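Report on the structure
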Amino acid sequence: MSHRIKSALGIAAAAAIISVNSAYAQTPASDTIRIGYQKSSTLTAILKTNGELEKALAPLGVRISWHEFTSGLPLLEAINTGNVDFGADVADTVPLFAQAAGAKLAYIAEEAASPSAQAILVAAESPIKTVADLKGKKVAVTKGAGSHFLLLAALAKAGLSFKDIFPAYLTPADGRTAFIGGKVDAWVSWDPFLTSAQRQSNARVLSDGSNGLASYKRYYLSSAAFADRRADVLNAIFTKLDETGKWVKAHPKEAATQLAALWGIDAATVEEANSHRSYKVGVVTVPGLSEQQRIADAFFAEGLLPVKVDAGAAKIWTPKRD
């Protein structure tokens, strides 16, 4: 079996667990919203800690049930099967796998591009000076992540293909270990892992997503049915996310101190990592999904997506403006 087919089957299997039979999912109590998040979901983690979202939803008679997930794909699976109503930010690649599996999701909000929040790293003393020098080298990357698209885009710009390198598909934690230990020639990752590794080892950035290479947006989603049913709740959430994103950028040290306690990373590293993120919450638009289509096409060509995906065909919810 070819490497391409194995890659396709591996990601397709992960995506396929997202059921398309969400119509039969149990309907939640009307006075409770179930919010899924990851520990790294910055704005949602802050809101969960400070209780501001509970205060915003109280006038609507709505309580919150919080549910933590280890990564984006199972979070979107839970939304589609009706076990979660709203999901905190996931990387740009994740909704595409959900779409490929037929998930009935709605884009609720986006965090504006943060191209320097993911990068290809090499050791400080590495002889590798350009992306072209990665030819024949072993590169650690998390399969299907936003960093995977960055690697594809950077290689293409340098006149290389994915077949010109030897990929090591590793989780961020395992990728870091392999990189620090010299087991791989380069590592592609995102913040806060990226900044943490740089500060620990003085690693060099070979390329990030700047100059149109890979924007790296993050998205908030709900089920399409919930978006139709509870616009009032989503309006309140959108407003609080927007406010929190502005607060993080205006109070970098205070935000870093809060997040350091949640993430188990020192505050200085968190503050530097946060400086790479826009945290600018905005409305999702079809034109704004143009890079989603680039990612979908690139992943399909590499056998990472089992079917072609029309990124603009997803449901887009728009907040009500006063």
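Residues numbered from 1 in each chain as written. Predicted model: local features only at pLDDT ≥ 70, side-chain atom pairs only at ≥ 80, totals over all residues. Heavy atoms only, no water.

**Structural notes on empty space enclosed by the protein**
Leftover empty space is mapped by rolling, across the atoms, a probe with the size of a water molecule. Under the criterion given, the structure shown has one cavity of 30 Å³ or more. If you add up the space inside the largest cavity, you get close to 40 Å³. Grouping the constituent residues of the lining of the largest cavity by class yields seven nonpolar, one polar and no charged. (1 Å grid on protein atoms, 1.4 Å probe; cavity = no way out; pocket = protein on both sides within 12 Å on 5 of 7 lines; lining within 4 Å. Points joined across faces, edges and corners; volume = space filled by probe spheres on them. Nonpolar A, V, L, I, M, F, W, Y, C, P; charged D, E, K, R; others polar.)

**Examining helix α11 (residues 252-263)**
Taking 1.5 Å per residue as the helical rise, α11 with its 12 residues ought to reach 16 Å, and the 16 Å between its terminal C-alpha atoms agrees with that figure. Restricting attention to buried positions, one finds in α11 the residues A255, A256, L259, A260 and W263. Take α11 and look down its axis: the buried residues cluster within an arc of 135°, on one side only. α11 presents K253, T257 and A261 as exposed residues on the side facing more than 90 degrees away from its buried surface. Contact partners of the buried residues in α11: α2 (42-50), α10 (231-250) and α12 (267-275). Phi for G264, located one or two positions after α11, is positive at around 70°. (Helix = DSSP H or I, 4+ residues; strand = E, 2+ residues; numbered from the N terminus. Expected span 1.5 Å × (residues − 1). Buried < 20%, exposed > 50% of the residue type's maximum accessible area, 1.4 Å probe, protein only. Arc of directions from axis to C-beta. Contact = heavy atoms within 4.5 Å.)

**So, α2**
For α2, the full list of buried residues reads T42, L43, T44, A45, I46 and L47. Phi for G51, located one or two positions after α2, is positive at around 75°.

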